[in-house]
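Overview (structure and organization)
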Amino acid sequence: LIGIRISEVWFGVITLFPEMLKSVTDFGVVGKAIKQSSIEVCTWNPRDYATDNYRTVDDRPYGGGPGMLMKVGPLEAALNAAKSVAPAGSKVVYLSPQGRRLDQALARSALSVPGLILLCGRYEGIDERLIEDEVDEEWSLGDFVLSGGEIAAMAIIDSVSRLAPGVLGHNESAEQDSFENSLLDCPHYTRPEIYRDKRVPEVLLSGNHEKIRRWRLEQSLLRTLQRRPDLLEQRELSEEEAQIIQELRRGQLI
Ligand SMILES: NC[C@H]1CCC[C@@H](CNc2ccc(C(N)=O)cn2)C1
């Protein structure tokens with residue numbers, strides 16, 4: 001299929017350590033989806049575009065200070081190579097602690113972009129002039145510093161890919177996930193029925209699907225109320241959810 005894009009989701013990664021991406025491309029549901037071509041992950045290494053004999057990709061910062069920065073030349077060339085094969089309308093995303101915090105909504109919205117080119121910094125970062133000219137958005141996993149953007153890029157690839165149609169088999173589904181309904185997940189149980197004298201909650205053995213649905217919703221709301229009440233503030237509650245929360249607040253539901 002020359003020139004006809006067959007993948008649902010396309011990722012380009014600009015990284016000095018392309019081998020790291022094997023952690024998402026070679027395993028699990030994302031690995032399987034790549035094999036089935038519903039996801040595509042391509043890497044470009046700036047070092048392959050370094051022009052000097054030592055294949056230099058870093059240099060000292062103007063103004064002094066510790067560490068090195070990534071040079072614009074190799075980065076720009078690698079980015080251009082990625083853009084030349086990326087789907088039209090792809091976004092360039094730079095991973096850094098200065099970025100917009102990733103959450104399920106952002107991951108879901110990334111599905112509607114034709115492709116993402118993920119720019120992974122190393123050292124003390126990259127020249128601001130490349131960010132100004134080439135980066136569309138900066139994203140962050142959270143308020144902590146990693147030695148490179150690759151782990152953040154892999155988290156994005158995984159969290160976005162698993163939302164793509166057909167990636168999660170019928171026996172997993174993203175809908176019931178935590179955060180899919182922007183609540184925390186309910187407790188889960190499987191065999192044995194008794195483990196260290198602890199039984200599985202009776203309702204889950206009842207076969208009564210409506211009671212099971214209700215119990216799981218109660219548990220999700222209880223857990224969210226206990227651990228992340230902030231998530232409830234941002235959320236439209238259904239009539240049923242509001243009623244359950246009232247009962248929980250009155251401590252009527254164990
Ligand atoms: N000044 C350090 C900084 C310079 C530019 C490259 C980054 C790579 N490291 C990252 C990247 C992203 C995140 C995150 N929270 O998503 C954390 N760490 C490190």
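The structure reproduced in this document is the subject of the present report. (Residues numbered from 1 in each chain as written. Predicted model: local features only at pLDDT ≥ 70, side-chain atom pairs only at ≥ 80, totals over all residues. Heavy atoms only, no water.)

1. Side note on the site of the ligand
Contacts to the ligand come from 16 residues, most closely from Y94, L141, G142, F144 and L146. At 2.7 Å, a backbone N or O of L141 approaches an oxygen atom of the ligand. With respect to the ligand, the backbone of G142 contributes an N or O atom lying 2.8 Å from a nitrogen atom. With four residues, strand β5 (residues 91–101) is the single largest residue contributor to the shell around the ligand. Looking at the shell around the ligand residue by residue, the classes come out as eight nonpolar, seven polar and one charged. (Near = heavy atom within 4 Å. Polar contact = N/O pair within 3.5 Å; in protein donor to acceptor, adjacent residues only side chain to side chain. Helix = DSSP H or I, 4+ residues; strand = E, 2+ residues; numbered from the N terminus. Nonpolar A, V, L, I, M, F, W, Y, C, P; charged D, E, K, R; others polar.)

2. Focus: the nonpolar core
Formed by 29 residues in total, the largest nonpolar core has its most connected members in F11, L95, L116, L118 and I157. Counting residues per element, this core draws most heavily on helix α6 (residues 150–161), which supplies six residues. Among the nonpolar cores identified, the runner-up in size contains 22 residues, and W44, A78, A82 and L119 belong to it. (Core = buried A, V, L, I, M, F, W, Y, C linked by side-chain atoms within 4.5 Å. Buried < 20%, exposed > 50% of the residue type's maximum accessible area, 1.4 Å probe, protein only.)

3. Quick look at the pattern of salt bridges
Summed over all chains, the structure comprises 15 salt bridges. The shortest N-O distance in the salt bridge between E218 and R214 comes to 3.0 Å. Residue E218 and its partner R214 are both found in helix α7 (residues 209–227); the two are separated by four residues, about one turn of the helix. What makes E218 buried here is its relative accessible area of 14%. Among the charged side chains, a network of salt bridges with common partners joins E210, R213, R214, E218, E240 and E247. (Salt bridge = Lys/Arg side-chain N within 4 Å of Asp/Glu carboxyl O.)

4. With respect to a negative patch on the surface
Residues E76, E128, E132 and D133 make up a contiguous surface patch of negative charge. By residue number, the principal contributor to the negative patch is helix α5 (residues 128–134), which donates three residues. Mapping E76 onto the fold places it in helix α3 (residues 72–85). (Patch = residues over 30% accessible without salt bridge, like charges linked within 9 Å, V, L, I, M, F, W, Y side chains within 5 Å. Areas by Shrake-Rupley, 256 points an atom, 1.4 Å probe, with all protein chains shown as cover. Lys, Arg positive; Asp, Glu negative; His and termini not counted. Charge placed at Lys NZ, Arg CZ, Asp CG, Glu CD.)

5. With respect to helix α2 (residues 28–35)
Those residues of α2 not exposed but buried are V30, G31 and A33. Seen from one end, α2 has its buried residues packed into an arc of 160°, which puts them on one side. Among the exposed residues of α2, those oriented more than 90 degrees off its buried face are G28 and K35. Each element contacted by the buried residues of α2 is listed here: α1 (22–25), β2 (39–44) and α6. In the stretch just after α2, S37 is the one whose phi turns positive, near 60°. (Arc of directions from axis to C-beta. Contact = heavy atoms within 4.5 Å.)

6. Structural notes on the packing of α7 against helix α9 (residues 239–249)
Helix-helix packing is characterised by the crossing angle of the two axes and by the distance between the axes. It is at 10 Å that the axes of α7 and α9 come closest, and there the two elements cross at 60°. With respect to α9, the axis of α7 lies oblique. The hand of the α7/α9 crossing is right-handed. On α9, the residues touching R213, R214, L217, E218, L221, L222 and L225 of α7 are E240, E241, Q243, I244, I245, E247, L248 and R249. Of the residues belonging to the contact of α7 with α9, the class tally is seven nonpolar, one polar and seven charged. (Axes fitted to C-alpha atoms, helices over the stretch in contact; angles between N-to-C directions. Parallel < 35°, antiparallel > 145°, perpendicular 65-115°, else oblique. Left-handed = near helix turned anticlockwise from the far one by under 90°.)

7. Observations concerning α9
By the burial criterion, the buried members of α9 are E241, I244, I245, E247 and L248. Looking down the long axis of α9, one finds its buried residues gathered within 160° of arc, a one-sided arrangement. Of the exposed residues in α9, the ones pointing more than 90 degrees away from its buried face are E239 and R249. In this structure, the buried side of α9 is in contact with α7 and α8 (229–233). In the segment just after α9, G251 is the residue with positive phi, at about 65°.

So yeah, pure geometry; function would need other evidence.
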